[in-house]
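Architecture and fold: a report
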Amino acid sequence: MLNKPIEEIIMQNGKVIGVKSEGEIARCKQLICDPSYVKDRVEKVGQVIRVICILSHPIKNTNDANSCQIIIPQNQVNRKSDIYVCMISSAHNVAAQGKYIAIASTTVETKEPEKEIRPALELLEPIEQKFVSISDLLVPKDLGTESQIFISRTYDATTHFETTCDDIKDIYKRMMGSEFDFEEMKRKKNDIYGED
């Protein structure tokens, strides 16, 4: 049920049995969703500031790279959290030729988040245009094993997707009761060369 409005999550005896959308019910035994669908089942644990910047130049001191990731360590800027910068360009078909998109993000620690992100923005100057957003960090209130509703976390400030991958592995473990076995995913000799 992608890209459809959710009217109701249907429960029976404390477990999910379906999702109602546009008058239709899709039956299920388990439900995976992000926090926006189940606001009563998540809690706020912080906030993230993100600044999307349009540049007409690559980031200084990156050897004119078409893309890069920069992590500003927390101890270099007297913070508890690192500051992340991810830059992409026309080489990735996300910007016009000669334009660069940089995204700076960090976990909010004070009442002045735009000051907190300033060390990253200074690396990007001059900035043609910027778009600032502050979003809540939401996590599930429970594991979902009783209700069979498995909720992801919202995206944190990191730009390397490690925590997102960890969240996916955690959801799998909560759903299946065991960790995902990556050995099963490895290509076997037969997969590569065919049978003898």
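Labelled according to an unreviewed UniProt entry, the chain appears under the name Rab GDP dissociation inhibitor beta-like, originating from Neophocaena asiaeorientalis asiaeorientalis. Under Sequence similarities (unreviewed entry), UniProt gives the following word-for-word description of the chain: "Belongs to the Rab GDI family."

Another aspect to go through is unusual backbone geometry. Note that the residue after E125, namely P126, is joined by a cis bond; omega there is -5°. Note that P126 resides in the loop between α2 (118-124) and β9 (129-140). Even without being glycine, N63 reaches a positive phi, approximately 60°. Relative to the elements of secondary structure, N63 occurs in the loop between β5 (42-55) and β6 (68-72). The backbone phi angle of N78 is positive, close to 50°, even though this residue is not glycine. Its location among the elements puts N78 in the loop between β6 and β7 (83-89). The exposure class of N78 is exposed, given its relative accessible area of 75%.

The next point concerns a nonpolar patch on the surface. The grouping of F180, F182 and M185 at the surface amounts to a nonpolar patch, some 320 Å² of accessible area in total. By the element assignment, F180 lies in the loop between α3 (162-176) and α4 (189-193). Since its relative accessible area comes to 31%, F180 is described here as partly exposed.

Right, let's get into the environment of N75. Mapped onto the elements, N75 comes out in the loop between β6 and β7. Along the chain, N75 and N13 lie 62 residues apart, while their C-alpha atoms are 50 Å from each other.

With antiparallel pairing, the 3 strands of this open sheet are ordered in space as β1-β2-β3. Strands with a single pairing partner mark the edges of an open sheet, and in this sheet they are β1 (8-12) and β3 (24-27). Averaged over all pairs of adjacent strands, the angle between strand axes in this sheet comes to 30°, irrespective of strand direction. Across 4 bridges, strand β2 (residues 15-21) lies against β3 in antiparallel orientation. Residue pairing in the sheet places K20 in a bridge with I25 of β3.

Calculation notes
For every chain, the first residue of the written sequence is number 1, and numbering continues from 1 onward in sequence order. Thresholds applied to this predicted model are a pLDDT of at least 70 for local features of residues and 80 or more for the giving and counting of side-chain atom pairs; totals over whole chains, interfaces and linings are not thresholded and use all residues. Side-chain descriptors were evaluated using all non-hydrogen atoms of the structure, hydrogens and water having been removed beforehand. UniProt positions are given in the numbering used here, feature names are shortened, and annotations may be inferred rather than shown by experiment. Note on conventions: DSSP H or I runs of at least 4 residues are helices, E runs of at least 2 residues are strands, and numbering of each starts at the N terminus. To sort residues, take the accessible area from a 1.4 Å probe on protein chains only and compare it with the maximum for the residue type: under 20% means buried, over 50% means exposed, and anything in between is partly exposed. Candidates for patches are residues over 30% relative accessible area with no salt bridge; among them, like charges are joined within 9 Å and nonpolar side chains (Val, Leu, Ile, Met, Phe, Trp, Tyr) within 5 Å. Here the open area of atoms and residues is found with the Shrake-Rupley method and a 1.4 Å probe, where only the protein chains shown may cover a residue. Any carboxyl oxygen of Asp or Glu within 4 Å of a side-chain nitrogen of Lys or Arg constitutes a salt bridge here. When DSSP finds two or more bridges between two strands, those strands count as paired. Only the stretch in contact is used when fitting a helix axis, every axis being a line fitted to C-alpha atoms; angles between N-to-C directions are given from 0 to 180 degrees.

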